[in-house]
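Chain residues, written in single-letter form:
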Amino acid sequence: MLVAILAIAAGLRVWAPWDDVLGTPSGTGGRINFLETDAWYHVRLAESQVRNFPHRVTTDPYAAPDGQYVAVAPLLDASIATFAFITGGRHASTEYIERVAAFAPAITGVLAVLAVWALATVAFDRRAGLIAGLLAAVLPNPRRWNASNPGPYVQGRSETLQDRAARVGTLASCLKLS
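None of the values given here were measured: they were computed from a predicted structure.

Caption draft 1: Spotlight on the side chain of His-42. If you trace the backbone, His-42 turns up in helix α3 (residues 37-51). At a separation of 2.6 Å, a polar atom in the side chain of His-42 contacts the side chain of Asp-77.

Caption draft 2: Here's a closer look at unusual backbone geometry. Backbone torsion omega between Phe-53 and Pro-54 reads 5°, so that peptide bond is classified as cis. Its location among the elements puts Pro-54 in the loop between α3 and β1 (59-60).

Caption draft 3: Seen up close, the packing of α3 against helix α4 (residues 75-88). Where α3 contacts α4, the axes come no closer than 8 Å and their chain directions differ by 45°. Comparing the axis directions of α3 and α4 gives the class oblique. In terms of crossing hand, the pair formed by α3 and α4 is right-handed. The residues of α4 that touch α3, namely those facing His-42, Leu-45, Ala-46, Gln-49 and Val-50, are Leu-76, Asp-77, Ala-78, Ile-80, Ala-81, Ala-84 and Phe-85. Considering only residue class, the contact of α3 with α4 consists of 9 nonpolar, 2 polar and 1 charged.

Procedures and definitions
Residues numbered from 1 in each chain as written. Predicted model: local features only at pLDDT ≥ 70, side-chain atom pairs only at ≥ 80, totals over all residues. Heavy atoms only, no water. Helix = DSSP H or I, 4+ residues; strand = E, 2+ residues; numbered from the N terminus. Polar contact = N/O pair within 3.5 Å; in protein donor to acceptor, adjacent residues only side chain to side chain. Axes fitted to C-alpha atoms, helices over the stretch in contact; angles between N-to-C directions. Parallel < 35°, antiparallel > 145°, perpendicular 65-115°, else oblique. Left-handed = near helix turned anticlockwise from the far one by under 90°. Contact = heavy atoms within 4.5 Å. Nonpolar A, V, L, I, M, F, W, Y, C, P; charged D, E, K, R; others polar.

Geometry only, nothing functional implied.
So, in structure tokens, the structure goes:
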């Protein structure tokens, strides 16, 4: 049953974004189409680490005239670089590193489902672990639920919390807490 849940998780995380990320629309020449600029930055850092393995970029010469310290947690980049280095060597192609980076979030998501299953199984029982793993595998659906367009309930809760936060600020100044 756990294998089926992990297969569902992998399918949803790979199949849903396949056309947007891994598809080959005309004019891209088979290159990966990362949907956010941060993804491109992480791939650039991972590619640099593959070429200079195991050393990573700590000062980015493109960020400022004299370089800028890279204040990015290195786990994602190091994971991508390590896998690409082990499987493709120091001279792995840029396209190969991009493909490894494109699958990294899906693999991480499947591992997160496995972690949720393990924690729920230890905390409760096997049945609760399977239910928790299944929920982690299918929720939330990024195609249906989007943080930039919340539903009416979330909008109402947000307005309530903002109103309460404004009142707390007034109360804090009255009590000289701020």
